Amino acid sequence: MSFTRRQILGGLAGLAVVGLGAGGASRYWLGRRNSEAGHDYELIAAPLDLELVSSHQTPAWAFGGSAPGTELRVRQGEWLRVRFINKLPVPTTIHWHGIRLPLEMDGVPYVSQLPVLPGEYFDYRFRVPDAGSYWYHPHVNSSEELGRGLVGPLIVEEREPTGFLHERTLSLKSWHVDEEGAFTAFSVSREAARGGTAGRLSTINGVPQAVIDLPAGQIVRVRLLNLDNTLTYRLNMPGVEAQIYALDGNPVKPRPLGKEYWLGPGMRICLAIKVPAAGEEISLRNGPVRLGTFRSVANSDAAGEWPPALPVNPVSEPDMANAEKLNFNFEWVGSVSVNVDNGAPPSLWQINGKAWDITDKTCADRPIAKLQKGRSYIFELKNMTQYQHPIHLHGMSFKVIGSNRRTIIPYFTDTYLLGKNERARVALVADNPGVWMFHCHVIDHMETGLMAAIEVS
Ligand code: C2O
Ligand code: CU
Ligand code: CU
């Protein structure tokens, strides 16, 4: 593969960069120019001090002057154009999690593009085929880059009004910080060999114990995005009328949230919540622990109605009768031989007997599976470990069709939370040519082996 060198920022003519504080900024302007209609952003990644722990500074890295980063919005079917400017001290990229796009825009270093060096920029341009809640993050030195705050929501609005008059985006992230706001290790081998290295301070939109106002009596669309490196949130809201409208970007037939929903790293859930009477509060919890509070505030609008199901996305239906079956075994490598000397991450996990090495730029040259473009496949995902893994595929959405551990109502997604020792089946049409990453979204599992490439040609 060959790549053209990106331009150096200094050589950029005619780009007005205005009002940049230490943390950078982002601007956007919405435009509709016939078939090229789209949304243009300039997005800067830069260091930013945050006050996550009161009276202490945390040296975060931010997209667009906030962490989590600026919420990018685009309409389904239109172009998203992002001039990404790297003002960090390290190389990086942006990956657009869950978006079906051309490989050159996928943000994977040495597969899609070269890393964007400090002071350089890269223009991302692609059409977004599916409506829903997505997100963006680097795919370089991920445990540190995501850990320091380089994660942000990407919302793709439906073409037509959906009936929701109110909505909120809640980005969940827990930070690897101590009591004084200093970063602690983003990845520790003994944790990476287990459930992953967890942060200690939970936040919603960057705020610990956030309070979010909702209009009393209304039905509000609440998009919950798990942008965390490690944690699976066991989401629940006791005593609230809430319906699930979409999972990981794709609509489902509305159904009650129920007791608890396990939202693994990288996953999203779109809920409709009926807001109780003014003055009442709803607690949003992770298991028994409160993450934040919804506060109902008076408003004069007539009580809201439950909107109909969201329109389905144009994802191809797999041809089950003629689908080829492929097995993927996710394994733990028993002996943890940490190579402290050369600083390389240990190899702890494997897919079908192969561990990905993030220090080897040629891994993607050896795909774990080669799919024929246009053909349907059924992947049997077999978790042979005692830990759960949110299994994510780039470039294509897949349909979850079965599991030996739970009842599945088939749905399309880009990330499936594969439970301990679970076997699940997912199906897809290999309709997007490229070399696509297939990995666990517990970031330190991914960085210690649990990643592979799948080629479609
Ligand atoms: Cu969120 Cu490789 O992806
Ligand atoms: Cu992804
Ligand atoms: Cu994992």
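Scoring rules and cut-offs
- Residues numbered from 1 in each chain as written.
- Chains lettered and ligands numbered in written order.
- Predicted model: local features only at pLDDT ≥ 70, side-chain atom pairs only at ≥ 80, totals over all residues.
- Heavy atoms only, no water.
- Donors = N, O, S within 2.8 Å, 3.2 Å for Na, K, Ca; no water.
- Helix = DSSP H or I, 4+ residues; strand = E, 2+ residues; numbered from the N terminus.
- Buried < 20%, exposed > 50% of the residue type's maximum accessible area, 1.4 Å probe, protein only.
- Polar contact = N/O pair within 3.5 Å; in protein donor to acceptor, adjacent residues only side chain to side chain.
- Contact = heavy atoms within 4.5 Å.
- 1 Å grid on protein atoms, 1.4 Å probe; cavity = no way out; pocket = protein on both sides within 12 Å on 5 of 7 lines; lining within 4 Å.
- Points joined across faces, edges and corners; volume = space filled by probe spheres on them.
- Nonpolar A, V, L, I, M, F, W, Y, C, P; charged D, E, K, R; others polar.
- pLDDT = per-residue confidence, 0-100.
- Core = buried A, V, L, I, M, F, W, Y, C linked by side-chain atoms within 4.5 Å.

Re the coordination of the copper ion (ligand 2)
Argument step 1. Distances from the copper ion (ligand 2) to its protein donors, His95 (NE2) and His392 (NE2), fall at 1.9 Å. Of this pair, His95 sits in strand β6 (residues 95-97) while His392 sits in strand β25 (residues 389-393), placing them 297 residues apart in sequence.

Structural notes on the side chain of Asn250
Argument step 1. If you trace the backbone, Asn250 turns up in strand β16 (residues 250-256).
Argument step 2. By relative accessible area, which is 6% here, Asn250 ends up buried.
Argument step 3. Of note is the side chain of Asn250, whose polar atom sits 3.0 Å from the side chain of Asn313.
Argument step 4. Those residues within four positions of Asn250 in sequence are excluded, and the remaining contacts are Asn313, Val315, Ser397, Phe412 and Thr413.

Describing the environment of Thr184
Argument step 1. Note on placement: Thr184 falls in the loop between β10 (166-175) and α2 (189-192).
Argument step 2. Under the relative-accessibility criterion, Thr184 is labelled partly exposed at 30%.
Argument step 3. Separated by 37 residues in the primary sequence, Thr184 and Gly147 have C-alpha atoms spaced 9.9 Å apart.
Argument step 4. Contacts of Thr184, omitting those with residues within four sequence positions, involve His176, Val177 and Asp178.

Observations concerning the coordination of the copper ion (ligand 3)
Argument step 1. For the copper ion (ligand 3), every protein donor is listed as His389 (ND1), Cys440 (SG) and His445 (ND1), and the spread of their distances is 1.9 to 2.1 Å.
Argument step 2. Site description for the copper ion (ligand 3): donor spacing in sequence, H-x50-C-x4-H.
Argument step 3. Given a relative accessible area of 0%, Cys440 falls into the buried group.

A closer look at empty space enclosed by the protein
If you roll a probe as big as a water molecule over the atoms, it shows you where there is empty space left.
Argument step 1. Under the defined criterion, the tally for this structure stands at two cavities of 30 Å³ or more.
Argument step 2. Lining the largest cavity, in full, are Arg100, Val315, Ser316, Met396, Ser397, Val429 and Asp431.
Argument step 3. Put simply, the second largest cavity is a space of about 30 Å³.
Argument step 4. The wall of the second largest cavity is formed by Gly132, Ser133, Arg221, Arg223, Ala246, Leu247, Asp248, Gly249, Arg268, Ile269 and Cys270.
Argument step 5. Here the lining of the second largest cavity is built from residues that sort into four nonpolar, three polar and four charged.

Description of the confidence of the model for the protein chain
Argument step 1. Mean pLDDT over the protein chain: 91, with 90% of residues reaching 70 or higher.
Argument step 2. Here residues 4-34 scores under 50 on pLDDT; set against residues more than four positions off or in separate chains, the count is 67 contacts.

A closer look at the nonpolar core
Side chains of a nonpolar character, in soluble globular proteins, are inclined to be buried together.
Argument step 1. One finds Leu224, Met237, Ile269, Phe294, Phe328, Leu371 and Phe379 to be the most contacted residues of the largest nonpolar core, which totals 76 residues.
Argument step 2. Setting aside chain neighbours within four positions, we find Phe294 in contact with Leu170, Ile212, Leu214, Val222, Met237, Ile273, Glu280, Glu281, Ile282 and Leu284.
Argument step 3. Counting residues in hydrophobic clusters, the runner-up holds 27 residues, among them Leu43, Val74, Leu101 and Tyr124.

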